[in-house]
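If you want the building blocks of each chain, they are given just below.
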Amino acid sequence: MSPYQRNCLLFLMLTLLAGCKEILYSDLPERQANEMLAILQANGIGSDKKSGKGGTVTLRVEKKRFADAVQLLRDQGYPREEFTDLGRLFPQEGLISSPEEERIRYVYGLSQEVAETLTHIDGVITARVHVVLPQREVDRLERSESLPTSAAVFIKHRPGADLQVLIPRIKQLVQNSVAGLPYDKIAVALFPSSPAMVRRQRLETVMGIVVEADSAERLWGLLAGLLGASLVGLGVSAVLWRLKGRAEPAGTNEG
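Every value quoted in this text rests on a predicted model; they were computed, and no experiment measured them. (Residues numbered from 1 in each chain as written. Predicted model: local features only at pLDDT ≥ 70, side-chain atom pairs only at ≥ 80, totals over all residues. Heavy atoms only, no water.)

> It is not clear to me how unusual backbone geometry should be interpreted in this structure. Could you clarify?
Peptide bonds are mostly trans, and most non-glycine residues show a negative phi. Of note, the amide linkage connecting Y78 to P79 takes the cis form, showing an omega dihedral of -5°. Relative to the elements of secondary structure, P79 occurs in the loop between α3 (66-75) and α4 (86-89). Backbone geometry places D27, a non-glycine residue, at a positive phi of 55°. Residue position: D27 is located in strand β1 (residues 21-29). (Helix = DSSP H or I, 4+ residues; strand = E, 2+ residues; numbered from the N terminus.)

> Can you help me understand a nonpolar patch on the surface in this one?
A cluster of nonpolar side chains, namely V239, L240 and L243, defines an oily patch on the protein surface of about 280 Å² accessible area. Along the chain, L240 turns up in helix α7 (residues 213-254). (Patch = residues over 30% accessible without salt bridge, like charges linked within 9 Å, V, L, I, M, F, W, Y side chains within 5 Å. Areas by Shrake-Rupley, 256 points an atom, 1.4 Å probe, with all protein chains shown as cover. Salt bridge = Lys/Arg side-chain N within 4 Å of Asp/Glu carboxyl O.)

> For this particular structure, what's the right way to read the confidence of the model for the chain?
Regions with low pLDDT carry predicted coordinates that are not meant to be interpreted in detail. On average, the chain scores 76 in pLDDT, and the residues at 70 or more come to 60%. Taken element by element, the predicted model of the chain shows its lowest mean pLDDT in helix α1 (residues 3-20) (53) and its highest in strand β6 (residues 186-192) (95). Ignoring residues within four places in sequence, the model shows residues 138-144, a span with pLDDT below 50, making 2 contacts including any to other chains. (pLDDT = per-residue confidence, 0-100. Contact = heavy atoms within 4.5 Å.)

> How should the sheet that holds β6 be read in this particular structure?
Strand pairing in a sheet relies on backbone hydrogen bonds. The paired strands run either parallel or antiparallel. With mixed pairing, 3 strands are arranged side by side in an open sheet as β4-β5-β6. In this open sheet, the two edge strands, each paired with only one partner strand, are β4 (124-132) and β6. With direction set aside, neighbouring strand axes in the sheet form an average angle of 10°. Note that strand β5 (residues 150-157) and β6 share 7 bridges and pair parallel. Across the sheet, residue A152 finds its bridge partner in β6, namely A187. Running at roughly 130° to β6, helix α6 (residues 167-177) makes contact with β5 and β6 of the sheet. (Pairing = 2+ DSSP bridges. Axes fitted to C-alpha atoms, helices over the stretch in contact; angles between N-to-C directions.)

> Looking at this model, I keep getting lost on the layout of surface pockets. Mind explaining?
To find leftover empty space, one rolls a probe the size of a water molecule over the atoms. Space inside the largest pocket adds up to approximately 690 Å³. Lining the largest pocket are 21 residues, with Q32, R80, E81, T119 and H120 sitting closest to its centre. Put simply, the parts of the chain that give the lining of the largest pocket at least two residues each are α2 (30-42) and β4. The residue inventory of the lining of the largest pocket, partitioned by class, reads 6 nonpolar, 6 polar and 9 charged. (1 Å grid on protein atoms, 1.4 Å probe; cavity = no way out; pocket = protein on both sides within 12 Å on 5 of 7 lines; lining within 4 Å. Points joined across faces, edges and corners; volume = space filled by probe spheres on them. Nonpolar A, V, L, I, M, F, W, Y, C, P; charged D, E, K, R; others polar.)

> I would appreciate a short explanation of the pairing of strand β3 (residues 56-62) in the present structure.
Residues in a regular strand project their side chains so that they alternate between the two faces of the sheet. By the criterion of burial, β3 is predominantly enclosed, with 5 of the 7 residues buried. Hairpin connection between strand β2 (residues 47-51) and β3: a loop of 4 residues separates the two successive antiparallel strands, and G54 in this loop has a positive phi of roughly 65°. (Buried < 20%, exposed > 50% of the residue type's maximum accessible area, 1.4 Å probe, protein only.)

> I keep staring at the pairing of β2 and nothing clicks. Help me out?
Two elements, β2 and β3, share 5 bridges in a ladder whose sense is antiparallel. Bridging from a neighbouring strand, K50 pairs with T58 of β3.

> Would you mind showing me how to read α2 here?
In an α-helix, one full turn covers 3.6 residues, which means residues spaced three or four apart are oriented alike. For α2, spanning 13 residues, the distance from its first C-alpha to its last is 18 Å, which sits close to the expected 18 Å at 1.5 Å a residue. What α2 keeps buried is the set Q32, A33, M36, L37, I39 and L40. All buried residues of α2 lie within an arc of 160° about the axis, which places them on one face of the element. Opposite the packed face of α2, turned more than 90 degrees from it, sit the exposed residues R31 and A42. Those residues of α2 that are buried lie in contact with β1, β2, β3 and α3. Looking one or two residues beyond α2, the residue adopting positive phi is G44, at roughly 75°. (Expected span 1.5 Å × (residues − 1). Arc of directions from axis to C-beta.)

> Help me understand the sheet that holds β1, please; the structure alone is not making it clear to me.
Pairing is antiparallel in the open sheet, where 3 strands are placed in the order β1-β3-β2. Across the chains shown, the open sheet's two edge strands, defined by having one partner strand only, are β1 and β2. Strand-to-strand twist of the sheet, defined as the mean angle between neighbouring strand axes without regard to direction, takes the value 25°. Where β1 meets β3, 6 bridges bridge the pair, whose relative direction is antiparallel. The residue bridging I23 from the neighbouring strand is R60, located in β3. Its contacts with the sheet place α2 against β1, β2 and β3, and it is angled at close to 145° to β1.

> Even after reading the chapter, I still don't get the packing of aromatic side chains, so can you show me in this structure?
Aromatic rings considered in pairs are described by the distance between their centres and by the relative angle of their planes. The full count for this structure, using the stated rule, is 1 aromatic pair. Note on F154 and F191: the rings are 5.3 Å apart at their centroids and 35° apart in plane angle, and the pair reads as tilted. Within this pair, whereas F154 is found in strand β5, its partner F191 is found in strand β6, the two being separated by 37 residues in sequence. Take F154: its relative accessible area is 29%, and that puts it in the partly exposed class. It is R80 that lies over the ring of Y78; its NZ or CZ is 4.3 Å from the centre. (Phe/Tyr/Trp six-rings, centres within 6.5 Å; stacked < 30°, edge-to-face > 60°. Lys NZ or Arg CZ within 6 Å of the ring centre and 35° of its normal.)

Okay, here's the thing in structure tokens:
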């Protein structure tokens, strides 16, 4: 088979595969898309990725496994939540906010940044941090004793991850991130995720394309059919070329 014929067959196969796959997520960062693709293929779900604009990636899966893919990735905490940092909450330009508005935005941004840090711990799927600051009493001449700053930390983790031993370090991290936060006013709640009930299938590679085993059988069948049609076409072309070559001298002599 010539390189041209091989490329044509590969193009037809890719076209057929594209018709069998559905977009799962788009506009993903490349690193996150690679992690999601690895999880799907490790669990026997045929999938691939396609580069988009601005360095983003589109993730596709076979239509019949769409629901399984969504469930599996959700249980693994994907796609990752995009946290808001203090730089975006307090832009250099814009209208001047009131002190109370700035305080609310500061608390929210601080919670977001601490939560993002916690998601980098091995085994953590998602994290939330709720910081409660004491109310200001600017209208009173004498300050009464107010409640201290407190924080509540929610962590959802993979079933096999033992994060109980990390609670003191998690509390210390949160305490050092929030000024005036007492160690004993930090509550950490751990919740294991339920294991995903996803049927695993064997994956095969067809001319460099990873697909499920049953899809691979269909693709090989289509490939054989296309190859046979290509050979038949070549045979017909060869016969027509010979007939044409025999007819041309006869036509020339008559002239």
